[in-house]
Structures are given as structure tokens and as C-alpha cells.
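Below, each chain spelled out in residue letters.
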Amino acid sequence: MTKPVLIVGGGPAGLAAAHALATVGQKAVLVEKTEILGGAPIHSGYAKLVPSGQWAKDAIGGMVSRVEKNEHVDVRTNAIVKSFSGDPGNFSAELSDGTTVDAGAAILTTGFTHFDSVNKPEWGFGTFEDVVTTTQVEQMISSGQGVKCPSDGRKPKRVAILLCVGSRDRQIGREWCSKICCTVSANMAMEIREELPDCHVYIYYMDIRTFGLYETDYYWKSQEEFKVKYIKARIAEVTSDGDKLIVKGEDTLVKRPITIPFDMVVHAIGMDPNVDNMTISAVFGVDLHKQGFIARQDSYGVMGATSRPGVFVAGSAIAPETIDDSIAQANAAAMSAIASMNSQSAVAAE
Amino acid sequence: MPIHEKSLIREENIRTRDDLVIDGVDVSGHWSTFIESRVVTDYNEDLEDQIAGLPGGENIHRCWQCGSCTNSCTVNALNADFNPRYWIYLIRTGMESELLRDKDIIWQCVSCNKCTYVCPREVAPEGVMKATAHWLELMGHTPKSPSTLFDEVFSEQVIKRGKIEESGIIRGFFKKTGQPLMQNWLTTMAFRLFKKLPFGMMFHMAKSTIFRPKTKGWRKSQLAIEDYIIEQDTKHRKLLGLDKPTSPTPQASNDNATSTLVEAAE
Ligand SMILES: Cc1cc2nc3c(=O)[nH]c(=O)nc-3n(C[C@H](O)[C@H](O)[C@H](O)COP(=O)(O)OP(=O)(O)OC[C@H]3O[C@@H](n4cnc5c(N)ncnc54)[C@H](O)[C@@H]3O)c2cc1C
Ligand code: SF4
Ligand code: SF4
Ligand code: SF4
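Residues numbered from 1 in each chain as written. Chains lettered and ligands numbered in written order. Predicted model: local features only at pLDDT ≥ 70, side-chain atom pairs only at ≥ 80, totals over all residues. Heavy atoms only, no water.

## Quick word on the overall build of chain A
Along its length, chain A carries eight helices and 18 strands. Compactness check: chain A gives a C-alpha radius of gyration of 22 Å against a globular reference of 20 Å for 350 residues, within 12% of the reference. With respect to the three principal axes, the spread of C-alpha positions in chain A is 75 × 40 × 35 Å. Buried residues in chain A amount to 53% of all 350 residues. When the accessible surface of chain A is split by element, carbon and sulfur atoms take 51% of a total near 14500 Å². Looking at chain A, you have 33 positive and 41 negative side-chain charges, and the mean spots of the two groups are 5 Å apart. (Helix = DSSP H or I, 4+ residues; strand = E, 2+ residues; numbered from the N terminus. Rg over C-alpha atoms; globule rule 2.2 N^0.38 Å. Buried < 20%, exposed > 50% of the residue type's maximum accessible area, 1.4 Å probe, protein only. Areas by Shrake-Rupley, 256 points an atom, 1.4 Å probe, with all protein chains shown as cover. Lys, Arg positive; Asp, Glu negative; His and termini not counted. Charge placed at Lys NZ, Arg CZ, Asp CG, Glu CD.)

In C-alpha cells form, the structure reads like this:
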């Protein structure tokens, strides 16, 4: 157990993998592309997390400092892996900062990229200032400035949250469900209602996918305790009458067209494959899923196995994933990495 | 091109102008036929709050439109237009005019509560039907239903005397619903009762009919009940934006709260 494990990506998954390895005395090198660790929840300034209710900067910030302080983890920020060669137990990675890392195994925790709403122009993002994304609202809440219409700073009286923006849409080549956005939207709707009790929040949905206990803790709670309204309609377009935003669509339950005025429209944006995945696939020699995420080879045996032996994957690099599942997968991948290095040293000792 | 959703076109939404000339072209009669738009242009958030504020309607906001209530409904089996799921939706989104189209069947709910037992979200749709019928009455959209009238006569007696006396209820109900007192089934029943009933019981019944006894020490309870009824009614009317209470207690003759209390204290 001399060579470190190379971990690529310092989000919740990468941080969890590094911590897991360190707790059993295994060294790790954590390579992060940006200046700071923490991944999407920190980079995008999420507010209170599902399902813990903790602020992202506390929960994920805690994971960051735990790793930064750990002597077993060598953190390299502002760096990416330029090339990667060798075999299990004996890899060599060349980083963009000119250094070389010898590693026994690698774990890819390169995460996802937020869907860019500009790619659905009919829903008004980029055209109307008061059409925003869930990440923007997360930032309004986490920064303490509160939920306000960007155009003039007024507090909205009526907010529409459009689900599945950038997910489940063959028009833009995205056939996956981003898994967390229904729950995040229900949570956000409650946060808005709590902050602005006079503001009515409508969620436009095709299906509500608040899986597992999120059903009662978020979907039911938002309806029963916070009077959030759910309307079954996939919105056709968002326009403006010069004063209010106008949301157009078909209310499928009553078979009627709707053109409803709103102060603010929020896109519940989905989780795209990391934009770097083509490069990552080429550098590490790992296959991608047809939708562009990093493909898993094995669901039940070697956890986190990719198409390349000795290289593992965890978190939202595999598919849209929650933080807690990303962390669980990272722990499993750390175990797989150690096991693969041990079996290599067993081979070497024979 | 065929019109696929013909069922959505309503007779009253078809407009034809008998006299219309556009740019010198005569388009009178069927040439100017058009169908009024069905577009919903706003939500009226008050409607749900109003129904939710009436007894039975409290949990309407929980409904997720699964349709279990409608599927299980006794009345729906006989009349497909009786659709609790749909009305709940109209109320929640504030489509008042659409709801009013069905005002003459909503009260037909038979309170079997099949919907209540089947509803996965414990909306208690039967309660919502009751609240909706109540709302329709309070807003003056529908006359009081026969069952409401029956309830009124019944509770009027209970409130006044702490007891009921059946013949009084029947007479009161018939009077309110404009039915003749002499009805075949009733005279037959009375005749048979007269023949079969033990003398003691008959004597007792006759005495009650004539003297209308009160429960002992009822006055206090009567005042408390009346207070409560006035309080609730005032609350409901305020919620619905109706200023003047019309019948604060089931005693329809009183038109304000004080006179009821005065009478009660007599
Ligand atoms: C609006 C929104 C709200 C959300 N709220 C919640 C919530 O409340 N609860 C919850 O459980 N989940 C939530 N999620 C999901 C959550 O963001 C993800 O589960 C989580 O970020 C996944 O962590 P990760 O480490 O796999 O990926 P990421 O967080 O994406 O981290 C990946 C890291 O890798 C780095 N990186 C990327 N490419 C490279 C490269 N080539 N080389 C080196 N480094 C690289 C990135 O800079 C980043 O730091 C939300 C998602 C969205 C979109
Ligand atoms: S989680 Fe909900 S909002 Fe997100 S893609 Fe899936 S169905 Fe749509
Ligand atoms: S209580 Fe009324 S609405 Fe419910 S099933 Fe019976 S008739 Fe239908
Ligand atoms: S059964 Fe309950 S949840 Fe389902 S439509 Fe009826 S009232 Fe709504």
C-alpha cells in the first residue's frame, strides 16, 4: 500500500473517497480542476440541502476542511490530468501543472455540468430577466439577499417552477431524468413560501419523482403544510406582456390551454454529463454511456468499475445522483480501489 | 380538417353574427361563426381558500388528482358528469365559472363516503362536496337543497328544546319544501301506526306533539349552541365576503344575531 490513489474531482464524491481512503491509512492525491474544493454545492452556492436541511456551505464545507487537514491527502487544485498510462497497481498520471503522479489506482469523481437553460429558448431564459434557474434561486437564498425578481428587485407574488428543464427531452438529446430536481424544487417552493408567505408557488410537472422518503418529506409536505400547488402541464413557452411573464401551456387535467401571468419563472435545471467527459474518456481510456456519462461496468460485483481495470468511478459522473448516494458510491469505489491494489501486490509477491 | 376534440366545443360558446360586414364582404350568419376561446387566463387563489374555510373542505389542498374518488363514487356510476376529482381541481385552480356549470348536480352527493375511504391523501372528498354545496348556497348560486332544509328543521327543534318530535319535523320539512301534508305513503303509515301502536306509547306521542316538552335545564345548552352557530356562520360569511348574515341560526325567521338571543332568553 505504498502508491497513492489518484482521485479526479473534488466534489462531494471525491472528498468522500479521499476521506475514506485516509481513514484506513491509504494515501490519496486529489486533483481538482477549479480553485476550490466542494463541487457543485459549493461552486454554485446551494442553500439548504436535501434531505439534511443543513446549509451546503456547512455540510460540504465540513467535508472540504476534513480533507484539506488530512495528512494522507495531497490536494492539487487548479489542475487536470493531461495523460494517464500504465496498469493496475502501476499507473502514471501527468498533470497540467507539469507534475507527475504515480498511482496504484484511480477514482473518477468528475461530476456533472448544470444544464444551460439557453438551450431551451422557448422558456425565456436569457430573454427575460425574471426567468431564472434553480441554482440562481439557491444563491438568492444562501447569500441571504432573499428571493427577488432580478429585473427590479421586487418580491414576487407568484412564482412558477418548471420541472424537467434540460431533462427527459429528446428534442435536446437528453433522455435521462435528473433525479433530484423534483425534490429540490419542492424544497425550494417551501423555502419561498416560508420567506414570502403571500407568494403563491406553482410547480408545473409531467410526473413528480420525489423517490423514497422524499415523497412524504418534500412532495406531501410542500402540498400539505406549505400549500404549494402542482399543475400537470409541460409548458409550451414563456413570454411577457411587458409587465408580467406569461406562462403558456396545456393544463392536461382539464384539457384547456392556459396563459397565466407570473412574476418569476424558475427552471428546475437538470444534470448534464460533465462537459469534459469526451476528454476524460480519451485520457483515461474509459467508455461512456450512450448519453455521455461515464459507464459503469458492474452493478453488483466490483463497485464503481469502469471499462478500464484499476480505474473506478463514483457520484454524478455516472448518472444524475444525489449527494448522499454520491458519497456512498465514493466509499464503495475507495474499497474497490484498495482491493484492486492489494490483488496487484499479491500478484507481484508471487 | 376534422376537429378532433369536438366534445370540447359547447353550444353556448359558438358565436354567430347575424349582421357582419368586414372590408366590404358580407360575412353574416354562418360565415362569421367562431368558437369562444377556452383559454384559462388566470388562477383565482381565493376560491380554494373559501372552500377550505367551510366545514369539510379543510384538506382540499392535498388532492393530487388521482381520480380514486370519482372512480369509487356512487353517484358517478349513475351520472358521469358527477365528478368530485374534477370539481376539486376547478376549485383549486379557481375556475369558478366552470364549477358553476355543475351547480345543479354537486349537491347530489349521497354522503356514502366511499370516496373518503379510498382517497390516498385523506382529502375527505365527501366533506369537500358538502363544503362546495354549502358554498353554492351561501353565495346564492343554488337554493337550499332538500337535505339542508331537512337538517334545518331538525336542528331547529333540537336547539329549541333539546329534543325532537317527529311529526313536527315532517310538517316543518313539508312546509319548507312546499309539499302537501297529506301524502299517500304518510297517511298509510299513520293509519298503520294507529292500528298497531300500544295505547301508552300513542298517548305519549300525542302529548309530545301537543305540549312539545323541553329537555330539563336546556336553556344553557341552547344559548351555547346558538352562540357557536352564530360564530361559525359569521366566520363563513366573512370568509366569502358576504357582509350581512342572512340566517344566523337554522331559525330562518331571525335576521340578526341579537334577536335570536333575545328569543332564546325568553
Ligand atoms: C440545483 C441543484 C440542487 C441540488 N441540491 C441537492 C440537494 O439538496 N441534495 C442532494 O443530495 N443533491 C443535490 N443536488 C445534486 C448534487 O449537486 C450532486 O449530487 C453532487 O454535486 C454530486 O457530487 P459529485 O462529487 O459527484 O459531483 P460535482 O459536485 O459535480 O463535483 C465534481 C468536481 O469535479 C471537478 N471536475 C470536473 N471535471 C474535472 C476534471 N476534468 N478534472 C478535475 N476536476 C474536475 C469539478 O470542478 C467539481 O469540483 C442538486 C443539484 C442541482 C442541480
Ligand atoms: S427529477 Fe423530476 S424534475 Fe428532475 S428530471 Fe426527473 S422528473 Fe424532471
Ligand atoms: S360521498 Fe358523495 S362524492 Fe363521495 S363517493 Fe359518495 S356520492 Fe360520491
Ligand atoms: S381520491 Fe383524493 S387525492 Fe385522489 S382525486 Fe380524489 S380527492 Fe384527490
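## Some details on the interface of chain A and chain B
How large an interface is tends to be reported as the accessible area lost when its parts come together. Chain A puts 25 residues into the contact, and the matching count from chain B is 25 residues. With both chains or domains summed, chain A and chain B bury close to 2400 Å², and 49% of this area falls on carbon and sulfur atoms. For the interface between chain A and chain B, the tally reads six salt bridges. Residue A:R256 is joined to B:E98 by a salt bridge in which the shortest nitrogen-to-oxygen separation is 2.8 Å. (Contact = heavy atoms within 4.5 Å. Buried area = accessible area lost by both parts, 1.4 Å probe. Salt bridge = Lys/Arg side-chain N within 4 Å of Asp/Glu carboxyl O.)

## Brief notes about the site of ligand 4
Residue and element names in this part refer to chain B. For ligand 4, the set of nearby residues contains 13 residues, the closest of which are C63, C66, G67, C69 and C119. If you map ligand 4 onto the pockets, it falls in the second largest cavity. Elements with a minimum of two residues in the shell around ligand 4: α2 (68-72) and α4 (84-93). (Near = heavy atom within 4 Å. 1 Å grid on protein atoms, 1.4 Å probe; cavity = no way out; pocket = protein on both sides within 12 Å on 5 of 7 lines; lining within 4 Å. Sits in = over half its atoms within 2 Å of the grid points.)

## Some thoughts on the site of ligand 1
All names here are of chain A. Around ligand 1, 40 residues are found, and the nearest of them are E32, A40, V50, E321 and I323. Here an oxygen atom of ligand 1 and a backbone polar atom of V50 are 2.8 Å apart. Residue I323 places a main-chain N or O atom 2.8 Å away from an oxygen atom belonging to ligand 1. Relative to its unbound accessible surface of 990 Å², ligand 1 loses 96% to contact with the protein. Looking at the shell around ligand 1, the elements with two or more residues in it are α1 (12-23), α2 (39-43), β8 (112-114), α4 (134-142) and α8 (323-349). Residue contributions to the shell around ligand 1 peak at four residues, all from α2. Tallied by class, the residues present in the shell around ligand 1 amount to 17 nonpolar, 17 polar and six charged. (Polar contact = N/O pair within 3.5 Å; in protein donor to acceptor, adjacent residues only side chain to side chain. Nonpolar A, V, L, I, M, F, W, Y, C, P; charged D, E, K, R; others polar.)

## Quick look at the side chain of A:S336
Among the secondary structure elements, A:S336 is positioned in helix α8. Apart from residues lying up to four places away in sequence, A:S336 is in contact with A:V302, A:M303 and A:F312.

## Here's the deal with the pairing of strand β13 (residues 237-240) of chain A
Residue and element names in this part refer to chain A. Alignment of β13 against strand β14 (residues 245-251), held across four bridges, turns out to be antiparallel. Looking at the pairing, S240 lines up with L245 of β14. The antiparallel pairing of β13 with β14 creates a hairpin that spans four residues between the two strands, and G242 there sits at a positive phi of about 95°. (Pairing = 2+ DSSP bridges.)

## What to know about the packing of aromatic side chains
Geometrically, a pair of aromatic rings is defined through the distance of the ring centres and the angle of the planes. Using the criterion set out here, one finds 18 aromatic pairs over all chains in the structure. Lying over the aromatic face of A:F262, A:R158 brings its terminal NZ or CZ to 5.8 Å of the ring centre. Here the basic side chain of B:R121 rests over the ring of B:W64, its NZ or CZ set 4.7 Å away from the ring centre. (Phe/Tyr/Trp six-rings, centres within 6.5 Å; stacked < 30°, edge-to-face > 60°. Lys NZ or Arg CZ within 6 Å of the ring centre and 35° of its normal.)

## With respect to the domain arrangement of chain B
Residues and elements named next belong to chain B. Split into domains, chain B comes out as domain 1 (6-35), domain 2 (47-138), domain 3 (146-211) and domain 4 (219-265). Taken together, the contacts link eight residues of domain 2 with five residues of domain 4. Taken together, the two surfaces of domain 2 and domain 4 that pack against each other cover about 590 Å², and 71% of this comes from carbon and sulfur. Our count for the domain 2 to domain 4 interface comes out at zero salt bridges. (Domains from an automatic or database assignment.)

## A word on helix α7 (residues 277-284) of chain A
Residues and elements named next belong to chain A. Taken as a whole, α7 has its buried residues at N277, I280, S281, V283 and F284. Buried residues in α7 make contact with β1 (5-8), β4 (81-87), β7 (105-108) and β17 (271-273). At the exit of α7 stands G285, carrying a positive phi of roughly 65°.

## A few points about the sheet that holds strand β18 (residues 311-313) of chain A
Residue and element names in this part refer to chain A. Pairing within the open sheet is parallel, and its five strands lie in the order β3-β2-β1-β7-β18. Looking at which strands have only one partner, the edges of the open sheet turn out to be β3 (73-76) and β18. Strand-to-strand twist of the sheet, defined as the mean angle between neighbouring strand axes without regard to direction, takes the value 20°. Relative to strand β2 (residues 28-31), β1 runs parallel, the two being bridged by four bridges. In the sheet register, V8 faces β2, and the bridge partner there is V31. (Axes fitted to C-alpha atoms, helices over the stretch in contact; angles between N-to-C directions.)

## Brief notes about the pairing of β4(A)
Residues and elements named next belong to chain A. Inspection of the sheet shows β4 paired to strand β5 (residues 90-95) by six bridges, in the antiparallel sense. Counted as the bridge partner of S85 is S92 from β5. The hairpin formed by β4 and β5 contains two residues between the paired strands, and G89 there has a positive phi angle of roughly 90°.

## Considerations on the pattern of salt bridges
Counted according to the given criterion, the structure contains 31 salt bridges over all chains. A:R76 is the salt-bridge partner of A:D74, the closest N and O atoms lying 3.0 Å from each other. For A:D74, a relative accessible area of 33% corresponds to the partly exposed category. The residue A:E224 makes a salt bridge to B:R62 at a minimum N-O spacing of 3.8 Å. Residue A:E224 is found in helix α6 (residues 214-224), and its partner B:R62 is found in the loop between α1 (45-52) and α2; the two belong to separate chains. Assessed through its relative accessible area of 18%, B:R62 is described here as buried. Taken together, the salt bridges that share partners define one network made up of A:D130, A:D152, A:R154, A:K244 and A:D263.

## Regarding a nonpolar patch on the surface
Residues B:F150, B:F154 and B:I164 make up a contiguous nonpolar surface patch of about 240 Å² in total accessible area. For B:F154, a relative accessible area of 35% gives the class partly exposed. (Patch = residues over 30% accessible without salt bridge, like charges linked within 9 Å, V, L, I, M, F, W, Y side chains within 5 Å.)

## Quick word on the sheet that holds strand β15 (residues 256-262) of chain A
All names here are of chain A. Ordered in space as β13-β14-β15, the three strands form an open sheet in which the pairing is antiparallel. Either end of the sheet is taken by a strand with one partner, and the two such strands are β13 and β15. For this sheet, the mean angle separating the axes of adjacent strands, direction not counted, is 30°. Here β14 runs beside β15; their pairing, made up of seven bridges, is antiparallel.

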